[in-house]
Amino acid sequence: MKHERKISVIGMGYVGLPVTVAFAHLDKVIGFDINNARIAELESGVDKTNEVTPENLKKANIVFTSDPNDAIGTHIASKVVKALIKKGVRVDQAMVTVLGLTFKEDVPDIRNSRVIDIISELREYGIQVQVHDSFAETKDVEKEYRITPQNLSELQPAHAVVLAVSHEDYVSGGWGFISGLLLEKEGVVYDVKGVLDRSSKPENIYLERL
Ligand SMILES: NC(=O)c1ccc[n+]([C@@H]2O[C@H](COP(=O)([O-])OP(=O)(O)OC[C@H]3O[C@@H](n4cnc5c(N)ncnc54)[C@H](O)[C@@H]3O)[C@@H](O)[C@H]2O)c1
């Protein structure tokens, strides 16, 4: 698995940077800030706020970024995990179905897809993840990510579904399709692209989106 980072800290200011450095003792961390200049400064090993010494900054295993996509996997996975806990599901016994692996809808190209970050993050929590993609070639996915996507008929009923890519068949299937993938048609749905109609959401589904 290529991406294994667990923690993302948003905002690399007086508070965020020392927190990020502290977390970096425990795990790999992503430090995100919208200010490109601040990211460039930190990448060069300098903290102009003088909260962290250059030595400590150098020692810490931090990926600094101003690209929100770099933090998206941890964000979505943490939302799914919190929602599962609220629903009373034991995270280490949870099954999550991820729909879509390609870098955009209705194409087979899996290069530059960030969906793998979501999958890796969920697995870090001990969650079982099964993946389906209606467009990607199985051999490409196995080669690139060492994951074998499953046919729809092979998917086990899941506690949560992450609709990661809005392939046409997923969207047209709507809530009927999504509910059918859930255990007893209830659970958590994370709609990454915000394509599912909120007004017709079944009551027993807990919906999250970006
Ligand atoms: N400094 C303190 O002593 C202190 C104490 C208690 C609480 N706080 C609170 O903690 C928070 C951070 O304080 P600080 O002192 O670190 O501020 P700061 O101004 O030093 O840093 C904030 C950082 O967040 C970045 N940022 C702003 N909006 C962002 C966004 N949407 N996404 C990503 N990055 C973004 C900014 O570019 C900046 O680098 C504030 O809400 C502050 O009120 C600060």
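Residues numbered from 1 in each chain as written. Predicted model: local features only at pLDDT ≥ 70, side-chain atom pairs only at ≥ 80, totals over all residues.

## Comments concerning the overall build of the protein
- For the protein, the count of helices and strands is seven helices and eight strands.
- In terms of overall dimensions, the protein is globule-like: its C-alpha atoms have a radius of gyration of 19 Å, near the 17 Å expected for 210 residues.
- Reported as C-alpha extents along the three principal axes, the dimensions of the protein are approximately 55 × 35 × 30 Å.
- Of all 210 residues assigned to the protein, the portion counted as buried reaches 37%.
- Sequence separation of at least 24 residues holds for 66% of the intrachain contacts in the protein that already meet a minimum separation of 6. (Helix = DSSP H or I, 4+ residues; strand = E, 2+ residues; numbered from the N terminus. Rg over C-alpha atoms; globule rule 2.2 N^0.38 Å. Buried ≥ 20, exposed ≤ 12 C-beta atoms within 10 Å, placed from the backbone. Contact = placed C-beta atoms within 7 Å.)

## Structural notes on the sheet that holds strand E8 (residues 205-209)
- Read across the sheet, five strands follow the order E5-E4-E6-E7-E8 without closing on themselves; strand pairing throughout is parallel. The open sheet has two free edges, formed respectively by strand E5 (128-132) and E8, since each of these has just one partner strand. On average, each strand axis in the sheet is inclined to that of its neighbour by 20°, with strand direction left out of account.
- Pairing geometry for strand E4 (residues 95-99) and strand E6 (residues 160-163), over four bridges, is parallel. (Pairing = 2+ DSSP bridges. Axes fitted to C-alpha atoms, helices over the stretch in contact; angles between N-to-C directions.)

## A look at the environment of serine 134
- Its location among the elements puts serine 134 in the loop between E5 and helix H6 (138-145).
- For serine 134, a count of 18 C-beta atoms within 10 Å translates into the label partly exposed.
- Setting aside residues no more than four positions away along its own chain, serine 134 makes contact with His167 and Asp169.

## Here we look at the site of the ligand
- With respect to spatial proximity, the complete set of residues near the ligand consists of Ile10, Gly11, Met12, Gly13, Tyr14, Val15, Gly16, Phe32, Asp33, Ile34, Asn35 and Arg38.
- For the shell around the ligand, the residue count by class is six nonpolar, four polar and two charged. (Near = placed C-beta within 6 Å. Nonpolar A, V, L, I, M, F, W, Y, C, P; charged D, E, K, R; others polar.)

## Quick notes on the sheet that holds strand E2 (residues 29-32)
- The sheet built from three strands is open, its strands ordered E1-E2-E3 with parallel pairing. Bordering the open sheet on either side are strand E1 (7-10) and strand E3 (62-65), each of which pairs with just one other strand. Taken over all neighbouring pairs, the strand axes of this sheet differ in orientation by 20° on average, direction set aside.
- When E2 meets E3, the two strands line up parallel, connected through four bridges.

## Looking at the nonpolar core
- Among the nonpolar cores identified, the biggest contains 55 residues, and Val80, Val96, Val98, Ala160, Val161, Val162 and Leu163 are the most heavily contacted of them.
- When residues of this core are assigned to their parent elements, the largest contribution, seven residues, is made by helix H4 (residues 69-86).
- Residues lining this core come from more than one domain, with at least three contributed by each of domain 1 (7-65) and domain 2 (69-209).
- In this structure leucine 163 touches Leu99, Gly100, Tyr170, Ile178, Val189, Tyr190, Asp191, Val192, Lys193 and Leu196, once residues within four positions along its chain are discounted. (Core = buried A, V, L, I, M, F, W, Y, C linked by C-beta atoms within 7 Å. Domains from an automatic or database assignment.)

## Quick look at the domain arrangement of the protein
- Split by domain assignment, the protein resolves into domain 1 (7-65) and domain 2 (69-209).
- Residue-level contacts link six residues of domain 1 with four residues of domain 2.
- Those elements that provide at least two residues to the side of domain 1 that touches domain 2 are E1, E2 and E3.

## Details of the environment of glutamate 184
- Inspection of the secondary structure puts glutamate 184 in the loop between helix H7 (168-181) and strand E7 (187-191).
- Along the sequence, glutamate 184 and alanine 37 sit 147 residues apart, while their C-alpha atoms lie 50 Å from each other.

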